Structure formats: C-alpha cells, structure tokens
Amino acid sequence: MQILMFVLLVGCVALCGGLIAATPWLMPANQAFAVTVPSSAHDDPSIRQWRRSYLWASVALTGIGTLIAAWSFDFVTGADENAVAFLWLYCLAVAVPLAGSFALMLHYRRRVQALKAEKGWRATGQVSAAVIDEPDLPRPVSMWWNLLYVPLILATAALVVCNYDKIADQIPMNVDFDGTVTSYVAKTPLSAGFPVIMEVFFAVIFTFCLWTIRRSRKAIDPNKPQTSAYAYGLFAHAQSAYLLVMGLVLTGTCGILMALSSFGAITMASAAIIITLLAILACVGAVVLSVVYGQNGARVFERLQGTDAMPADDDEHWILGVFYVNREDPAVFVPKRFGVGWSCNWARPLSWVFVAGLVLLCVVLLWLCLAMG
Amino acid sequence: MVLTVDPMSDVPIYQQIFRQVAEAVAIGELSPGDPLPSVRALGEQLGVNLHTVNKAYALLRDEGYVVMRGRAGARIADPSSYQSQAHRDASCAHAAEQLDAVARELASRGLDRAAFLGLAEQAADAVWPSR
C-alpha cells in the first residue's frame, strides 16, 4: 500500500512536470510560448533553441519537485505534526515545477514577443473561421452518454440499502498510507449513503467538464480551415471520450468500493489500493492522450508546410499568456493557449458563475462530511 | 463549408457572413435543407457579437436564403424562396447600380469598354463556368 501511494504521489509530480516540459512541442505551429506567430516561425532557430532551453529547465525543476515529493514521504506516519510537514512538503513538490515552469514560460514569452517585433510579424487582419454543415467532422461525444452515471449511482444506492443492516455501527472513513483505518464515523443514513453522495458529486463534475468541451469554441486556423477543423474534432472527440470513460470508471469504482468496505465485503485498505491503481492509470492515460494528439490536434497531421501569413493576432486578450479576457467575444470556453485543454473567457460573467458553482458544490460536500461527524 | 470573417475589413461583418452564405448557395456548397449553426454557436465560433450574427441571419431570411424551423434552427431554404421574380428583380436592380459605378470608375482611370467587358467576363466565368 505504501509503495503504491509513493508511486502515485511521486509519479504525479514527475508525470505532470514532464507534460509541462513537453508543452511547447504540443502547441499548434502558429503559437510559440503563448504568442501568435506565423506557422513558418515554428522552425525559427531562436524559437527552437528557446523550446529546448525551456525543456531542460523544466525537467530540472520537475526533478527537484520529484525529489521533494519523495522526501515528503519520510514524514508519513500517524503523528499530526508529521502529517502537516508531509502536506507542506508535498505542496512544495508540486509548486516548484508548476510555478517554475510558469515563470519560464513568461520569460520566453517576452523573448518571442521581442522577436516578433524585430521580425515584423504582424497580422493582416483579425480573421476567424467557422466550418458549417460538415456532419462527417469528428466531434465530442454526446451528452446523452452521461446518463450512464444514473444506473451506476442507482446500483450503488441499491447496494447500500440492501446491505444497510450489515454496515458496522462505526463506518471506516480514512486510512493512512499503511492501510490502517484512522477514523470512523457513526452509522447514519447520511454516512452510510456517503458513497452515493460522492458518486453524484463526481458525476456532476465530469458531466460539466464534458459539456464545456462541447460548448467551447473550436480552434480553426483560417489558413487551413479544413485540416485544422478535422484535427481539432479528433482531439475534442478523444478527450471527451476519455473523460467519459475514466469518469464512469473512477466514479463507479470509488463509490462501489467505498460501499463494499462499509459493510466489510472488502477492507478499506484494499479499496484504497484499487482506487490508487486506477488513479495512476488515469493520470498516465491523460498524459499519453495529450502527447499523441497535442493541443487542438496539433500533432494529428505531420507538420504541414508553414506559411508566413498571420490572419489574426489575439495576443492582447491573453493576460500572462494563460488568462483569456475578451469582452467582445461571446464564447465562454476557449481552447488553452499554453497547455492541453480548455480555459474560460474571464470577461464573460458566466465563467465566474460556473466557477462559483463548482466552489459551492465543494462547499456542500465539505459540509456534508462535517455533518457526518 | 468554411466561413471566415475579418473585423478589420471595410465590409461589415454581417455582410461578410451574408455574402459567403449566399455564394455557398449559388455554387451548391450549401443545399436546401442544410442546417446553419445557431446564432450563439456561430457567434462564439467566430468571436463575433451575437447581434451581428442575428443581423446576418435576418438579412439571409429576408432575402429568402434561410428559413427558421423552430427548435431545428436555421436551414437553407428552397430555391423558390430566393429565386422568386421579386428577388430576381431586386438583385438585377442592385447589380445594375453596382455595374454602373464600376464602369464609371474604370472610365475615370482611363480604361475602355473592352477592359470592362473583359473583367465582367472573368467574373462570370468564375461563377458560371463555360461548358
């Protein structure tokens, strides 16, 4: 159990740091360190050199973070002060590659901006494109698939209800890294039904994430609208399908295993081991998907012939290269500028409503946990 | 069909959308019954104000290119709705005005009748290829 947790915690830092280091190679050709450039600039010697420098520096930071994560494991015992030390150290392990790579991105972003001014790379307009009536283009999976969460939740609820009498008066709630149960709560309908509550929480989160993918603006390059639309469609389809499948697997596994452990069908430690293995698998799968497709499907086609044309330039709307703020743009969700995935248009009030909603959901869950005692 | 807009163009965005859809219908890229994205979806995809897309769709409807089918949204109309005699007469009158302006401008630049007809021939070949 400890070994598995070690692999998960340390592996997460290494995996995420590795993905961050590889990010410049996953971006579309017309972007370099969150700056709009002609696609022909992808092979500019300076930009190539900066990508390599960013890579090695990020790998070094990830190495440091991984070592700190490994060291933090020394503090994993039952004593409270060691748990606090572990938490602080692990946060540091995550922060070092994250914050460090962000600072590096900003540094190289400034360099690319200077190069852009020096080379006179200017947009000829602010052209945007849409692909209409192309039913054969791949697209994100249908929202109807999320209905599969319903039988999952109902099955878990049935499991709890049918075995309610078998559930112990003290339900195990937490285990330490040795697999030893560290806290219990008194059996009540709320505490016994907690696996169902967790499943509902996960289902809402995953369903919302899938909806944002469907709702997002598509990344279509006016220079090559058909290929970029196809590549983006594949990317969005793959990401949404993975989200759906892993969402169902993780949600169902967590809920059912928690329910089984509450009436002793399996131990909490065994449940934790299975969930941990699944979490590792989910992380690895997500990284592989990102590398295979790239952001917006940038890696779907072999690098196409670059062009010097720059049909649009929206750098001014990307604050610090990662926060999109554009009052004139009605889109709420947009593809990320530096990284794999999607982001919000923070000028739209709806973005803040969604964030508030997610926070509220977490607060409600926390309140329920506290209410269980 | 790919639809592109450029806010920096002299042509208003709603006109750009209108012209491209009308052209797509003319060359058969869009057929009767083909769906158009919702106003919101197209506005979000192009990064264009929803009112602008609404104007384009309103113009397309008035000119008979598009019909609204309730929850099914906007669809390309039957040719009879945009190829009515009234629409043809209005288009001819509009085209005559534009041709008159083009001819006068070419004349002011020292170009002759043959040049004007040559340009008109090229434009016609692009839309109605010679058989």
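Residues numbered from 1 in each chain as written. Chains lettered and ligands numbered in written order. Predicted model: local features only at pLDDT ≥ 70, side-chain atom pairs only at ≥ 80, totals over all residues. Heavy atoms only, no water.

### Describing the pattern of salt bridges
In a structure, side chains of opposite charge can pair up when their charged atoms sit close to one another.
Here is step 1 of the chain: One pass over the full model with this rule turns up 11 salt bridges over all chains.
Here is step 2 of the chain: For the salt bridge of E105 of chain B with R109 of chain B, the shortest nitrogen-to-oxygen distance reads 3.6 Å.
Here is step 3 of the chain: Counted as one network, the salt bridges with shared partners bring together K116, D313, D314, D315 and R337 of chain A. (Salt bridge = Lys/Arg side-chain N within 4 Å of Asp/Glu carboxyl O.)

### Digging into the interface of chain A and chain B
Here is step 1 of the chain: Each partner contributes to the interface: chain A provides 21 residues, whereas chain B provides 23 residues.
Here is step 2 of the chain: In this structure, the connection of chain A to chain B is made through one salt bridge.
Here is step 3 of the chain: Between E44 of chain B and R215 of chain A there is a salt bridge, and its shortest N-O distance comes to 2.9 Å.
Here is step 4 of the chain: Counting across the chain A and chain B interface gives 10 residue pairs in polar contact (both at pLDDT 80 or more).
Here is step 5 of the chain: The element that contributes the greatest number of residues to the side of chain A that touches chain B is strand β3 (residues 128-131) of chain A, accounting for four residues.
Here is step 6 of the chain: For the side of chain A that touches chain B, the class distribution of residues is nine nonpolar, five polar and seven charged. (Contact = heavy atoms within 4.5 Å. Polar contact = N/O pair within 3.5 Å; in protein donor to acceptor, adjacent residues only side chain to side chain. Helix = DSSP H or I, 4+ residues; strand = E, 2+ residues; numbered from the N terminus. Nonpolar A, V, L, I, M, F, W, Y, C, P; charged D, E, K, R; others polar.)

### Points about the confidence of the model for chain B
Residues and elements named next belong to chain B.
Here is step 1 of the chain: Averaged over all residues, the pLDDT of chain B is 87; the fraction at 70 or higher stands at 98%.
Here is step 2 of the chain: When mean pLDDT is compared element by element in chain B, strand β1 (residues 2-5) scores highest at 94, while helix α4 (residues 79-82) scores lowest at 74.
Here is step 3 of the chain: Here the predicted complex scores 0.86 on pTM and 0.73 on ipTM. (pLDDT = per-residue confidence, 0-100.)

### With respect to the environment of A93 of chain B
Here is step 1 of the chain: Within the secondary structure, A93 of chain B sits in helix α5 (residues 85-108).
Here is step 2 of the chain: In this structure, the C-alpha to C-alpha distance between A93 of chain B and Q15 of chain B, residues 78 residues apart in sequence, is 18 Å.

### Things to note about the pairing of β3 of chain A
Here is step 1 of the chain: Burial of β3 of chain A is two-sided: the residues S128 and A130 of chain A facing one way and the residues A129 and V131 of chain A facing the other way are all buried.
Here is step 2 of the chain: The pairing of β3 of chain A with β1 of chain B spans four bridges and is antiparallel. For V131 of chain A, the partnering residue across the bridge sits in β1 of chain B and is V2 of chain B. (Buried < 20%, exposed > 50% of the residue type's maximum accessible area, 1.4 Å probe, protein only. Pairing = 2+ DSSP bridges.)

### Brief notes about the environment of A41 of chain A
Here is step 1 of the chain: Structurally, A41 of chain A is set in the loop between β2 (35-36) and α2 (45-72).
Here is step 2 of the chain: The spacing of A41 of chain A and A282 of chain A is 241 residues in sequence and 35 Å in space, taken between C-alpha atoms.

### Looking at unusual backbone geometry
Residue and element names in this part refer to chain A.
Here is step 1 of the chain: One non-glycine residue, A34, lies in the positive phi region at around 65 degrees.
Here is step 2 of the chain: Positionally, A34 belongs in the loop between β1 (31-32) and β2.
Here is step 3 of the chain: Even without being a glycine, N296 presents a positive backbone phi close to 60 degrees.
Here is step 4 of the chain: Relative to the helices and strands, N296 resides in the loop between α8 (268-293) and β6 (318-319).

### Description of the side chain of S58 of chain A
Here is step 1 of the chain: Among the secondary structure elements, S58 of chain A is positioned in helix α2.
Here is step 2 of the chain: At a separation of 3.4 Å, a polar atom in the side chain of S58 of chain A contacts the side chain of S101 of chain A.

### With respect to a nonpolar patch on the surface
Residues and elements named next belong to chain A.
Here is step 1 of the chain: A grouping of W144, L147, V150 and L154 is seen on the molecular surface, where their side chains present a nonpolar patch of about 470 Å² in accessible area.
Here is step 2 of the chain: The topology assignment puts L147 in the loop between β3 and α4 (149-162).
Here is step 3 of the chain: By relative accessible area, which is 49% here, L147 ends up partly exposed. (Patch = residues over 30% accessible without salt bridge, like charges linked within 9 Å, V, L, I, M, F, W, Y side chains within 5 Å. Areas by Shrake-Rupley, 256 points an atom, 1.4 Å probe, with all protein chains shown as cover.)

### Examining the pairing of strand β5 (residues 181-186) of chain A
Residue and element names in this part refer to chain A.
Here is step 1 of the chain: Sheet topology note: the strand β4 (residues 170-175)/β5 ladder contains five bridges and is antiparallel. Within β5, the position partnered with Q170 by the bridge is A186.
Here is step 2 of the chain: Hairpin connection of β4 to β5: five residues between the antiparallel strands, including G179 at a positive phi of 90 degrees.

### So, the packing of helix α1 (residues 2-26) of chain A against α8 of chain A
Residues and elements named next belong to chain A.
Here is step 1 of the chain: Relative to each other, α1 and α8 sit at 10 degrees, their axes nearing to 10 Å. With respect to their mutual orientation, α1 and α8 come out roughly parallel. Judged by residue contacts, L4, M5, V7, L8, C12, L15, L19 and L26 of α1 engage I273, T276, L277, A279, I280, C283, V284, V287, S290 and V291 from α8. (Axes fitted to C-alpha atoms, helices over the stretch in contact; angles between N-to-C directions. Parallel < 35°, antiparallel > 145°, perpendicular 65-115°, else oblique.)

### Section: the packing of α4 of chain A against helix α7 (residues 225-262) of chain A
Residue and element names in this part refer to chain A.
Here is step 1 of the chain: Packing of α4 against α7 leaves a shortest axis separation of 9 Å and a crossing angle of 5 degrees. The orientation of α4 relative to α7 falls into the category roughly parallel. Of the residues in α7, those in contact with Y149, L152, T156, L159 and V160 of α4 are L244, G247, L248, T251, G252, G255, I256, A259 and L260.
Here is step 2 of the chain: Partitioned by chemical class, the residues of the contact of α4 with α7 number nine nonpolar, five polar and no charged.

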